[in-house]
Amino acid sequence: MGASMALDYDAELMLRVKDGDGGSFALLLEKYRASVIHFLYRMVADQAVSEELAQEVFLRVYRSRESYEPTAKFTTWLFRIATHLALNWLRDGKNERGQERLDEPGEDGPAREVADRTESVEQEMVHQVKIDEVRRAVAALPAKQRAAVLMHKYEEMEYSQIAKVLSCSESAVKSLLFRAYETLRVRLAHMA
């Protein structure tokens, strides 16, 4: 079995990009753009910033094509870039704007949740309040804990992938997640 057969499909596409295949880059962009924007939005709580950061993520992916080596899953590499950009933005901007927007309805951003048409208006409102409260609690976590939770719960990444993205050990990831989930459990205990 050749080395390329052992690679995941996304890594094969990236190797084609490295060889100058622009169509393969377009496929990767189409496949992961929404997921990266969604991840970044949950990190920075600002739709415009998340779209701008996602653009920077894919620009960096494209610029790094010459040096790309499939040493990890493509998604691990992609989300490492996205996480670093989000953490840098949070550190450098310490954005009060994003913190305020969590309590306000978004004017031009996408709806935070797709409404379930089978529920009554009251049920929808109660459900939305709970969702918003969970999102605020997740957003209030320290940046690395928040990144770990988002990758674990929303992107369904394994501990090993998260460890590679955050440049730490699997035990450090488990510790980050334990502290984050414990904090969330306490903050959201009234919802149980």
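The rules behind the values
- Residues numbered from 1 in each chain as written.
- Predicted model: local features only at pLDDT ≥ 70, side-chain atom pairs only at ≥ 80, totals over all residues.
- Heavy atoms only, no water.
- Helix = DSSP H or I, 4+ residues; strand = E, 2+ residues; numbered from the N terminus.
- Buried < 20%, exposed > 50% of the residue type's maximum accessible area, 1.4 Å probe, protein only.
- Contact = heavy atoms within 4.5 Å.
- Areas by Shrake-Rupley, 256 points an atom, 1.4 Å probe, with all protein chains shown as cover.
- Salt bridge = Lys/Arg side-chain N within 4 Å of Asp/Glu carboxyl O.
- Axes fitted to C-alpha atoms, helices over the stretch in contact; angles between N-to-C directions.
- Left-handed = near helix turned anticlockwise from the far one by under 90°.
- Nonpolar A, V, L, I, M, F, W, Y, C, P; charged D, E, K, R; others polar.
- Polar contact = N/O pair within 3.5 Å; in protein donor to acceptor, adjacent residues only side chain to side chain.

Caption draft 1: Fine view of the overall build of the chain. A tally of regular secondary structure across the chain gives 10 helices and zero strands. If you list the helices and strands of the chain from N to C, you get α-α-α-α-α-α-α-α-α-α. Counting all 192 residues of the chain, 36% fall into the buried class. Nonlocal contacts in the chain, meaning residues at least 24 apart in sequence, comprise 63% of its contacts between residues at least 6 apart. Of the roughly 11300 Å² of accessible surface on the chain, a fraction of 53% belongs to carbon and sulfur atoms.

Caption draft 2: Expanded view of the pattern of salt bridges. In total, this model carries six salt bridges according to the counting rule given. Two residues, Glu66 and Arg65, come together in a salt bridge whose shortest N-O distance is 4.0 Å. When the shortest N-O distance is used, the salt bridge between Arg185 and Glu182 registers 2.5 Å. Separated by three residues within a single helix, Arg185 and Glu182 lie in helix H10 (residues 170-187), roughly one turn from each other. A residue is classified by how much of its surface remains accessible, and Glu182, at 30% relative accessible area, is partly exposed.

Caption draft 3: Layout of the packing of helix H3 (residues 22-44) against helix H8 (residues 143-154). Interhelical geometry of H3 versus H8 gives an angle of 145° and a closest axis separation of 10 Å. In this structure, H3 meets H8 at a crossing whose hand is right-handed. Taken together, the residues of H8 that come into contact with H3 (itself represented by Phe39, Arg42 and Met43) are Ala143, Arg146, Ala147, Leu150, Met151 and Tyr154. Among the residues making up the contact of H3 with H8, the classes are represented as seven nonpolar, no polar and two charged.

Caption draft 4: Focus on unusual backbone geometry. A positive phi angle, close to 55°, is found at Ala45, a residue other than glycine. One can find Ala45 in the loop between H3 and helix H4 (47-63). The buried category is assigned to Ala45, whose relative accessible area is 12%. Of note, the phi angle at Ser167 is positive, near 55°, even though the residue is not glycine. Along the chain, the position of Ser167 falls in the loop between helix H9 (159-166) and H10.

Caption draft 5: Spotlight on the side chain of Ser24. With respect to the helices and strands, the residue Ser24 is situated in helix H3. A polar contact is formed between the side chain of Ser24 and the side chain of Asp21, at a distance of 2.7 Å. Dropping the residues within four chain positions of it, Ser24 is found in contact with Leu13, Arg16 and Val17.

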